[in-house]
Amino acid sequence: MKKLLIGSNLKMYKTIHETLTYLEALKALTADLSEDIRLFIIPSYTALDAASKMVMGSHIMLGSQNMCPHEVGQFTGEISPLMLKELNLDIVEIGHSERRHIYGETDIQENEKVISALEHGFIALLCIGETKLQKDCNVSTEALLTQLKVGLKDVPQKYSDRIWIAYEPVWAIGVNGVPADPEYVDMQHASCKKALSQLFPGSDIPVLFGGSVNPQNAKALISKPNIDGLFVGRAAWDAADFHALINDVIPVFKSK
Ligand code: PGA
């Protein structure tokens, strides 16, 4: 049976103390979560060490919000895969919209990170998403497929079971985001999944959706055939709220 993937990127919001309080609550609330749910949290770098100890023995997988593709070197301010490995992380998030649009990261840089993360044994969670302009010009699918194909360029097939994709339309993310229509999302997921099955024949790479996911739209989104999981921002940053949202979507996902 397919696993539901559900998680949150905490962006630059929680201190170490706040992250631990959040994880402690989430760990308690999700203690009896069934094995077919993969729950993951992506805290700030500074909280990762303590967070990794906090989630030990729980269902919660941990990830980092970014990673330098190089192991060592003259890269001031960067964090290497070797440093992340020391923290026993499961996931490296790559190419979040804020990395691309605020910090100017390119598809080919994301590709270097994807390959490095996979070579170092992590799950590479590659984020893709079209801008409002691209959507308005009806080139959303082309934009997504470009990000996907360049982002996954030269990735060996043997790593396909450690690739996760998050489709997060830039116009749907954050406080100014506009929630996306589940039909529209499902259509874009279908195009991405088709491209993924051509890039990695026989694989079943999950495509999660993110961008203003909230208690009002989560069930409608997860009911769609091509949506394999949810990548939640603001609506997940309170442990009890996130737990309630998870409990809401589980039966919908299981009944697909
Ligand atoms: P949001 O963030 O749910 O707060 O819109 C989503 C994301 O950036 O992953």
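Let me sum up the structure you'll find in this document. (Residues numbered from 1 in each chain as written. Predicted model: local features only at pLDDT ≥ 70, side-chain atom pairs only at ≥ 80, totals over all residues. Heavy atoms only, no water.)

Considering the nonpolar core
One recurring pattern in soluble globular proteins: nonpolar side chains tend to sit buried together. For clarity, the threshold we go by: Here the nonpolar core consists of buried residues drawn from Ala, Val, Leu, Ile, Met, Phe, Trp, Tyr and Cys, with membership extended through side-chain atoms lying within 4.5 Å. Buried residues are those whose accessible area, probed at 1.4 Å on protein chains only, stays under 20% of the maximum for their type, while exposed residues exceed 50% and partly exposed ones sit between those limits. In DSSP terms, a helix is any run of H or I states spanning at least four residues, a strand is any run of E spanning at least two, and both are numbered starting from the N terminus. Only heavy atoms matter for contacts: two residues are in contact if any of them lie within 4.5 Å across the pair.
By size, the foremost hydrophobic cluster in this structure holds 68 residues, and its most contacted members are Leu152, Ile165, Leu230 and Phe242. A per-element tally of this core places helix α10 (residues 239-254) first, with seven residues. Excluding its chain neighbours within four sequence positions, the residues that come into contact with Leu152 are Asn111, Val114, Leu126, Ile163, Ile165, Leu196, Leu199 and Phe200. Of all hydrophobic cores here, the second largest spans twelve residues; its members include Ile42, Met61, Ala166 and Phe231.

Structural notes on the sheet that holds strand β7 (residues 207-210)
Here is the rule: For two strands to pair, DSSP has to find at least two bridges joining them. Where helices are involved, their axes are fitted lines through C-alpha atoms of the stretch in contact, as for all axes, and angles between N-to-C directions lie from 0 to 180°.
Ordered in space as β1-β2-β3-β4-β5-β6-β7-β8, the eight strands form a closed barrel in which the pairing is parallel. Within this sheet the neighbouring strands show an average axis-to-axis angle of 25 degrees, counted without direction. Sheet topology places strand β3 (residues 60-64) next to strand β4 (residues 91-94); two bridges connect them, and they run parallel. Bridge assignment links Ser64 to a residue of β4, and that residue is Val92. Each of β5 (123-128) and β6 (163-167) is contacted by helix α7 (residues 140-151), which is oriented at about 150 degrees to β5, the strand it contacts most.

Some points on the pairing of strand β1 (residues 4-9)
Going by this rule: Handedness is read with the strands pointing away from the viewer; a crossover is right-handed when the path from the first strand over the helix to the second is clockwise.
Of all six residues in β1, six are buried, a share of seventy percent or more. Burial along β1 is two-sided: Leu4, Ile6 and Ser8 and Leu5, Gly7 and Asn9, pointing in opposite directions, are all buried. On the question of chirality, the crossover connecting β1 to the parallel strand β2 (residues 37-42) by way of helix α1 (residues 16-29) is right-handed. In terms of strand pairing, β1 meets strand β8 (residues 229-232) through four bridges, oriented parallel. Following the sheet pairing, Ile6 is matched in β8 by Leu230.

Thoughts on α10
In an α-helix, one full turn covers 3.6 residues, which means residues spaced three or four apart are oriented alike. Spelled out, the test is: Multiplying 1.5 Å by the residue count of a helix minus one yields the expected span of that helix. By arc we mean the arc of the directions from the helix axis to the C-beta atoms, nothing more. Pairs of N or O atoms within 3.5 Å make up the polar contacts considered here, provided that, within protein, one atom can donate a hydrogen while the other can accept it, and that residues adjacent in sequence are counted only when both atoms are side-chain atoms.
Spanning 16 residues, α10 covers 22 Å between terminal C-alpha atoms, matching the ideal 22 Å at 1.5 Å per step. Regarding α10, the residues found buried are Ala239, Phe242, His243, Leu245, Ile246, Val249, Ile250 and Phe253. Looking straight down α10, one finds that the buried residues subtend no more than 160 degrees of arc, so they occupy a single side. Its side-chain oxygen 3.1 Å from the backbone nitrogen of Ala240, Asp238 forms the N-cap of α10.

With respect to the layout of surface pockets
For clarity, the cut-off: Note on definitions: the grid is 1 Å and covers protein atoms alone; a cavity is a set of points where a 1.4 Å probe fits but cannot get out; a pocket is an open set with protein on both sides within 12 Å along at least five of seven lines; lining residues have an atom within 4 Å of a point. Grid points are joined across faces, edges and corners, and a volume is the space filled by probe spheres set on the points. Charged means Asp, Glu, Lys or Arg here, nonpolar means Ala, Val, Leu, Ile, Met, Phe, Trp, Tyr, Cys or Pro, and polar covers whatever is left, Gly included.
Counted as a void, the largest pocket has a volume near 580 Å³. Lining the largest pocket are 18 residues; nearest its centre among them are Lys11, Met12, Gln65, Glu98 and Tyr103. Split into classes, the residues belonging to the lining of the largest pocket amount to seven nonpolar, six polar and five charged.

Quick word on α7
With twelve residues, α7 extends 16 Å from end C-alpha to end C-alpha; this agrees with the ideal 16 Å at 1.5 Å per step. By the burial criterion, the buried members of α7 are Ser140, Ala143, Leu144, Leu145, Gln147, Leu148 and Gly151. Of the surrounding elements, those touching the buried residues of α7 are α4 (97-101), α5 (107-119), β5, α6 (132-136), β6 and α8 (182-199).

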